[in-house]
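# Remarks on the overall topology
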Amino acid sequence: MVNWHDPVLLFRDYFSLIKLNHALAGIYIWETVFTAGFELDILRGKRPYRWTIWLYLGTRYTTLLAFIMFFIDKDGGKVPCQPLMITNFTLPYASWAFASLIVVLRVIAIWNRNILVSLIAIGVWLGGLGLNIRNLTMVEGSYNTVLETCVVLHTRKGLVNAIGALVVDVVLCMAMLIGLLRHAHRSSTGIWHLLYQQCIIWIVLAGLAEIPPVVFLILNLNDAWNEMFTGVAITILAIGAARMYRSLCRHGSLTEYVSSEPPQFSLVTPMSNPQHRSTNVYGPMHFAAPTHWQSNGTCTTSNSNTPVFLPTDHIQLEFVPGASNPGLVHENTKGKVGYETT
């Protein structure tokens, strides 16, 4: 049977944890740099300012600061461990709070500010925030002379907090999914396209990423494995919430549910304004009695109600400025017959 607390194995596990977090830091920094144009567009006035941008910026830069503090912790030499550990937990928890609040606001918007759903969404978010604060009071750090870095002690204490974060993500994801299904009958592009447009895939991924930390905290193999996938969950949630925010701002607003269906145009345009002209024709066309000009200069008017059929290749629409209706001109090779629309 494997002794997970063997010093050699524990060293290898901590080394794997450090390498994994370095990789996550590289991915997140790349994501931040290559999407920074969104913030710059708002600063330059190319995009409208919305108060929710502060939640977006909070998500982005508290996560970035958390990775910077991780570099200081693991690569910066010997430092006071307890304050550093509290800081290293505070920043990811703040990132989680900002990102989850973005999802809460989206759930409220999808449900058209339904009071019950709003109370549930805000309630579970406050519950998760309370568990984060509780866990901060129990953080213990110590300097490991073998690893030459600070490590967290008694990581199993974070199990309740991890379960709480998973519950919050699942409840918000389900609320968002059910709310979108209520709008599915209005979508002409299908339910899957609607879910993709509303970026729910990122919330689903964030919820799935919360499962491994809970599983390994329950197994409690060692402190390294207890922390192994926490960074993965925080990174996915931060990237997903930020991408959802940017996508929704391009098509509408985070706090308003706007269908991205293509606009429906009517083929009939009523001419309420006499000066407005449209090439659309609504209903049958009625003609006044045609006037026939004879070769001797006299004219006769037909009072017959017999329908007049005009060859389509000889019909032209003539738009007369200032007229209330377009004139219809029909040219006949044998003679000229004038018609006026009534």
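Our structure's up above, just so we're on the same page.
### Regarding the pattern of salt bridges
Following the criterion strictly, the structure yields six salt bridges and no others. With a closest N to O distance of 3.2 Å, arginine 246 and glutamate 31 form a salt bridge. Pair noted here: arginine 246 is in helix α11 (residues 230-251) and glutamate 31 is in helix α1 (residues 7-34), with a separation of 215 residues, a long-range link. By relative accessible area, arginine 246 is classed as buried at 5%. In this structure, arginine 44 engages aspartate 41 in a salt bridge whose closest nitrogen and oxygen atoms are separated by 3.8 Å. The exposure class assigned to arginine 44 is exposed, which follows from its relative accessible area of 54%. When salt bridges that share partners are traced, they join Glu31, Arg243 and Arg246 into one network.

### Let's talk about the nonpolar core
In terms of nonpolar packing, the biggest core is built from 40 residues, with Phe38, Trp96, Val107, Met176, Met244 and Tyr245 touching the most fellow members. Elements supplying a minimum of two residues to this core: α2 (37-43), α3 (53-75), α4 (81-110), α5 (115-136), α6 (159-182), α8 (200-209) and α11. With ten residues, α4 is the largest single contributor of residues to this core. When neighbours within four sequence positions are excluded, tryptophan 96 is seen to be in contact with Trp125, Gly128, Leu129, Asn132, Ala165, Val168, Asp169, Glu210, Ile234 and Leu237. Ranked by size, the runner-up nonpolar core spans eleven residues in total, among them Phe89, Leu91, Tyr93 and Val152.

### Structural notes on the packing of aromatic side chains
This model, assessed by the stated rule, comprises eleven aromatic pairs. Relative to phenylalanine 34, the ring of tryptophan 30 lies with its centre 5.2 Å away and its plane at 35 degrees, an arrangement referred to as tilted. Remark: phenylalanine 34 and tryptophan 30 occur in helix α1; sequence separation between them is four residues, near one turn of the helix. With centroids separated by 6.1 Å and ring planes inclined at 85 degrees, the aromatic side chains of phenylalanine 38 and tyrosine 245 adopt a geometry described as edge-to-face. With phenylalanine 38 in helix α2 and tyrosine 245 in helix α11, this pair connects stretches of sequence that are 207 residues apart. Judged by relative accessible area, phenylalanine 38 falls into the buried class, the value being 5%. What makes tyrosine 245 buried here is its relative accessible area of 1%. Joined through ring pairs, the aromatic side chains of Trp4, Phe216, Trp225 and Phe229 make up one cluster.

Rules of the game
- Residues numbered from 1 in each chain as written.
- Predicted model: local features only at pLDDT ≥ 70, side-chain atom pairs only at ≥ 80, totals over all residues.
- Heavy atoms only, no water.
- Salt bridge = Lys/Arg side-chain N within 4 Å of Asp/Glu carboxyl O.
- Helix = DSSP H or I, 4+ residues; strand = E, 2+ residues; numbered from the N terminus.
- Buried < 20%, exposed > 50% of the residue type's maximum accessible area, 1.4 Å probe, protein only.
- Core = buried A, V, L, I, M, F, W, Y, C linked by side-chain atoms within 4.5 Å.
- Contact = heavy atoms within 4.5 Å.
- Phe/Tyr/Trp six-rings, centres within 6.5 Å; stacked < 30°, edge-to-face > 60°.

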